[in-house]
Amino acid sequence: MKQFISAHDISDIDAFVEKALDYKSNPFRDKTLGVNKRVGLLFLNPSMRTRLSTQVAAQNLGMESIVFNVGSEGWALEFEEGAVMNGARVEHVKDAAPIMGNYFDILCIRTFPSLLNREEDYSEQYINQFIKYAGIPVISLESATLHPLQSFTDIITITEELRKKPLARKPKIVLSWAPHVKALPQCVANSFSQWVNVWGNADFIIAHPEGYELDPSFTKGATITHDQDEALKDADFVYVKNWSAYNDYGKIFTSDPAWMLTNRKLALTNDAKVMHCLPVRRNIELSDEVLDGPNSIITREASNRVWAAQTVLAEILKSGSHG
Ligand code: CP
């Protein structure tokens, strides 16, 4: 495996989930796989779970990890080909990335979208430039449009839950838009939709207010509704997430608190398990009663990030495509 930036970089999601659950039951099974190997974690934006879980995962494989907060501590990077660099950007990615490619065996990168220019954000220029110039495998720690390690974790967590409480039918999974105080990227919602669709083992519904349609290339195959209560009926999993508009790019049309997931709404479901990628705005996106209640599997979901990252790092190391 040379890169991990979307669901399409994996040939068999279920097989990957098995590997991740195997690591969960035996974290040090491959404790020497990464000895004398180094992974660089580049953050152009803040992170808690992604950074720590990937570092723990690397350590479980005997691999050294080095974190570089490029966004706050590094030279400001230029990504435009042919740029005349007479502004604030100090170093071109085509100069920086090959050096990182020599320092590390695997490069992991987190970038965010601007939410100002859809074409630019959806071109995934930042991560693609690193892939082009680093010369070593690249793992997305969240890009402008997708968050694959989060979504892989989400499928791991859903699979784990279905093993505890098997269903005689496909699970009904609802991705439910939630209010927020600011414009957020579509990454998590895009990515969750892509992974659930590629996985293909669920009845998948997306509920959001009018104006919050996502990129159809990710949601194709899902049922889309503006009626949250109807969507929640008999749901087995509710994935709560805010996102800003894709069509009227980066805009917020409503923060209607009626879309917050509460116990009253949860009562419509089939005792659904509640998921969220975190960080979460309490009593805006989800009520305290839901977050602190028995249906929330959010902490386990975040804890499972380690096994997703460990599986991806191990797969790259085993494939021999690392530097
Ligand atoms: N869910 C997630 O990616 O969390 P962080 O932003 O803290 O890494």
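Residues numbered from 1 in each chain as written. Predicted model: local features only at pLDDT ≥ 70, side-chain atom pairs only at ≥ 80, totals over all residues. Heavy atoms only, no water.

Next up on the list: the side chain of Glu 301. Within the secondary structure layout, Glu 301 lies in helix H13 (residues 298–303). Comment: no salt bridge for buried Glu 301; closest opposite-charge side chain is Arg 305, at 8.1 Å. A distance of 3.0 Å separates a polar atom in the side chain of Glu 301 from the backbone nitrogen of His 276. Every residue in contact with Glu 301, bar those within four places of it in the chain, is listed here: Gln 150, Thr 153, Asp 154, Thr 157, Tyr 239, Met 275, His 276 and Cys 277. (Helix = DSSP H or I, 4+ residues; strand = E, 2+ residues; numbered from the N terminus. Buried < 20%, exposed > 50% of the residue type's maximum accessible area, 1.4 Å probe, protein only. Lys, Arg positive; Asp, Glu negative; His and termini not counted. Salt bridge = Lys/Arg side-chain N within 4 Å of Asp/Glu carboxyl O. Polar contact = N/O pair within 3.5 Å; in protein donor to acceptor, adjacent residues only side chain to side chain. Contact = heavy atoms within 4.5 Å.)

Two faces make up the sheet, and in a regular strand the side chains alternate between them. Where burial is concerned, most of strand E6 (residues 106–110) is hidden: five out of the five residues are buried. Pairing between strand E2 (residues 38–43) and E6: five bridges, direction parallel. By the bridge assignment, Leu 42 is partnered in E6 with Ile 109. When E6 meets strand E7 (residues 138–140), the two strands line up parallel, connected through three bridges. Bridge pairing in E7 links Ile 109 to Ser 140. (Pairing = 2+ DSSP bridges.)

Attention now moves to helix H1 (residues 13–25). The terminal C-alpha atoms of H1, which comprises 13 residues, lie 19 Å apart, in line with the 18 Å expected from a rise of 1.5 Å per residue. Taken residue by residue, H1 has Ile 13, Phe 16, Val 17, Ala 20, Leu 21 and Tyr 23 as its buried positions. Across the axial projection of H1, the buried residues extend over an arc of 155°, all falling on one side. For H1, the elements touching its buried residues are helix H7 (148–164), helix H8 (187–199) and helix H14 (305–319). Capping the start of H1, Asp 12 holds a side-chain oxygen 3.1 Å from the backbone nitrogen of Asp 14, two or three residues further along. (Expected span 1.5 Å × (residues − 1). Arc of directions from axis to C-beta.)

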